[in-house]
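Per-entry structural report
So you can see what is in the structure, the chains are spelled out below.
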Amino acid sequence: MRNVVVAGGGVLGSQIAFQAAYCGHDVTIWLRSEASVGRAQAKLDNLKEIYTKAIELMDSSKNPADWCIGIAATDAFNKEECLKKVKKAHKSIKLIVDMKEAVKDADIVIESVAEDTKEKIAFYKAMAPLLKPECVIATNSSTLLPSTFAKYTGRADKYLSMHFANYIWKNNVAEVMVQKDTKKEAFDTICTFAEEIRMLPLKIEKEKNGYLLNSMLVPFLLSGLDLYVNGVSTPKDIDIAWKTGTGAPRGPFEIFDVVGIATAYHIVQQYQKVPGLISPLLKKMMMPYNFKGMEKVLKGMLDSGKTGRAAGEGFYKY
């Protein structure tokens, strides 16, 4: 799995690409337009600084909470070597708009385009005839099942999900999930690749909306958002309630800003449209939720450019 192509240079797409390059893979990011190239490069520039600061902190700190296992193990940490890997990764990642050129040598393609069914189908249809036969495809979709797209990939037996948590150099898990046609060889290959890029592969042997993490996280986020859109409290106080009461590092609105308001908007839409996305019991509990109010608030933020932390403002200003 030497040649890695990440389709999409958004928040997670750029992180996946940088982490794979940091771990020695040849990485290309495929982007839809020349305008996307500039945005993706800015994210990679920022990641270079983030990794550098994390390595400096790891070198000086004795606090285990400051350690990033995605960067180095505690018993194999060499500051100078890690910094060299950061510089090399930053220089080596290729940003390409031409899809044929981007994927021609790909051993693995990690799809990280928008959470939109039509967009993903169009992407797979365009890419399928361009790949070499042995290439494996993994989707990083947060809410959409891989079985929805398997037939469009031209290789359902080599297609599955590989979902990452945000800040993957620190929160270094990769949820690897099959769909009904995934062959064991492809599943094992992706789990091995996850380990190669210093992730912990969490094996999911049955399709499940939301995987493991989001099955727990999304209902929590929607609960916080519902409190806000119904005028119960402010994002700041809701976040403080959660952080102070549980010891968690972030509240729901801080998380929304990190993952991006566009992702939050798509999640709200999916929870209303996709049957079985949540369990019958949880669905009953969430029926009173003001999803229309959530959509209105998030759409208003998107329209005004308040798209999250990466843009400088979401629910908070940065």
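To keep things clear, this report deals only with the structure shown in the data block. (Residues numbered from 1 in each chain as written. Predicted model: local features only at pLDDT ≥ 70, side-chain atom pairs only at ≥ 80, totals over all residues. Heavy atoms only, no water.)

1. Some thoughts on the packing of aromatic side chains
- Scanning the entire structure with this criterion turns up 16 aromatic pairs.
- The interplanar angle of 75 degrees and the centroid separation of 5.4 Å between the aromatic rings of Y124 and Y159 together place this pair among those described as edge-to-face. Within this pair, whereas Y124 is found in helix α5 (residues 117–127), its partner Y159 is found in strand β6 (residues 159–164), the two being separated by 35 residues in sequence.
- For the pair Y167 and W169, a centre-to-centre distance of 5.5 Å together with 70 degrees between the ring planes defines the contact as edge-to-face. No difference in accessibility class separates Y167 from W169, as the two residues are buried.
- By the ring-pair criterion, three or more aromatic residues cluster together here, those being F18, Y22, Y51, Y167 and W169. (Phe/Tyr/Trp six-rings, centres within 6.5 Å; stacked < 30°, edge-to-face > 60°. Helix = DSSP H or I, 4+ residues; strand = E, 2+ residues; numbered from the N terminus. Buried < 20%, exposed > 50% of the residue type's maximum accessible area, 1.4 Å probe, protein only.)

2. A word on the sheet that holds strand β7 (residues 173–177)
- Spatially, β3-β2-β1-β4-β5-β6-β7-β8 is the arrangement adopted by the eight strands of the open sheet, whose pairing is mixed. Lying at the two open borders of the sheet, with one neighbouring strand each, are β3 (94–96) and β8 (200–204). Here the strands of the sheet are splayed against their neighbours by 25 degrees on average, with no regard to which way each runs.
- When strand β1 (residues 3–7) meets strand β4 (residues 108–111), the two strands line up parallel, connected through four bridges. Opposite V4, over in β4, you have I108 as the bridge partner. (Pairing = 2+ DSSP bridges. Axes fitted to C-alpha atoms, helices over the stretch in contact; angles between N-to-C directions.)

3. Some remarks on helix α7 (residues 213–229)
- When the terminal C-alpha atoms of α7 are compared, their 24 Å separation across 17 residues agrees well with the 24 Å that a helix rising 1.5 Å per residue should span.
- Directly beyond the C-terminal end of α7, a positive phi value near 75 degrees is found at G231. (Expected span 1.5 Å × (residues − 1).)

4. Concerning the packing of helix α8 (residues 235–246) against helix α9 (residues 252–259)
- In contact at an axis separation of 7 Å, α8 and α9 are set at 110 degrees when each is read in the N-to-C sense. Considered as vectors, α8 and α9 are oriented roughly perpendicular to each other. In contact with P235, I238, D239, W242 and K243 of α8, α9 contributes P252, F253 and E254.
- Here the residues of the contact of α8 with α9 sort into five nonpolar, no polar and three charged. (Parallel < 35°, antiparallel > 145°, perpendicular 65-115°, else oblique. Contact = heavy atoms within 4.5 Å. Nonpolar A, V, L, I, M, F, W, Y, C, P; charged D, E, K, R; others polar.)

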